[in-house]
Amino acid sequence: DQQVKQNSPSLSVQEGRISILNCDYTNSMFDYFLWYKKYPAEGPTFLISISSIKDKNEDGRFTVFLNKSAKHLSLHIVPSQPGDSAVYFCAAMNGGSQGNLIFGKGTKLSVKP
Amino acid sequence: EAGVVQSPRYKIIEKKQPVAFWCNPISGHNTLYWYRQNLGQGPELLIRYENEEAVDDSQLPKDRFSAERLKGVDSTLKIQPAELGDSAVYLCASSPGQGSGELFFGEGSRLTVL
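Just so it is clear, the model here is predicted, and its values are computed rather than measured.

In this section: the overall build of chain A. If you tally the helices and strands in chain A, you get 0 helices and 11 strands. For chain A, the sequential pattern of α-helices and β-strands runs β-β-β-β-β-β-β-β-β-β-β. Across its three principal axes, chain A shows a C-alpha extent of roughly 45 × 30 × 20 Å. Buried residues in chain A amount to 44% of all 113 residues. Restricting the contact set of chain A to residue pairs at least 6 apart, pairs at least 24 apart contribute 54%. About 5500 Å² of surface is accessible on chain A, with carbon and sulfur atoms providing 49% of the total.

Next up, the structure:
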């Protein structure tokens, strides 16, 4: 049973437009959420995170929104650039119990010039 | 500052053969993780170390997988004997301490079992 779900395997966006990547989770004990970005033949790299006490966190072109009641989070990239083309993984953890990161399956973003 | 170093990058073996992967974490990072990533899936935790102690190995298939982190620095993950289903990318990650979730990953070791 997947605790972190990314239901869109892929997303294609035009350069300059907004990219919205979605993630749902089932475990109400999760209280810390992260997004990782992965290029081919490289390991994932941390992108942005959000604590469950917040509903929004922004870092430059990247913003993560958290809707706890819906157990849903999303990553917005504005404006999208061709270099953003990668696989994006949503991850969650129970920080209070020092639990481990649980990853979703990833969404492959393609930003077309 | 050097990142997480893994070797080998690629390994092709026949089933029933042994294989080992090595990881050197970022200097000063006490927590070390081994993840496995199957094709089309997200990384899944195999084992987590705090210094030299394995604090979570619940997902490690102990009949064929073993890991060690002597002296609390670099680590080795071994599979013996390998099976076809073990084909995956094995990722090592480290973090300065438990709790932040911000892991630093190596480039991974891609294993193909024929």
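Further remarks concern unusual backbone geometry. Residues A:Val78 and A:Pro79 are joined by a peptide bond in cis, for which omega reads -10°. Counting through the fold element by element, A:Pro79 comes out in the loop between strand 8 (72-77) and strand 9 (86-93). For the peptide bond that leads from B:Gln80 to B:Pro81, omega is -5°, which places it in the cis range. As for its position among the elements, B:Pro81 is in the loop between strand 8 (75-79) and strand 9 (88-95). In this structure, A:Ala41 is a non-glycine residue whose phi angle is positive, near 65°.

Quick notes on the rules
- Throughout this description, residue numbers start from 1 for each chain and increase along the sequence as written.
- For this description, chains carry letters from A and ligands carry numbers from 1, given in the order in which they are written.
- Confidence filtering applies because this is a predicted model: local features only for residues at pLDDT of at least 70, side-chain atom pairs given and counted only at 80 or more, and all residues used for totals across whole chains, interfaces and linings.
- Computation of side-chain values: all heavy atoms of the structure, hydrogens and water removed.
- Only DSSP runs of H or I reaching four residues or more are called helices, and only runs of E reaching two or more are called strands; each is numbered from the N terminus.
- Burial here depends on accessible area, computed with a 1.4 Å probe over protein chains only, as a share of the maximum for the residue type. Under 20% is buried, over 50% is exposed, and the range in between is partly exposed.
- Contacts: residue pairs with any heavy atoms within 4.5 Å of one another.
- Areas reported here follow the Shrake-Rupley algorithm with a probe of radius 1.4 Å; residue values treat only the protein chains shown as occluding.

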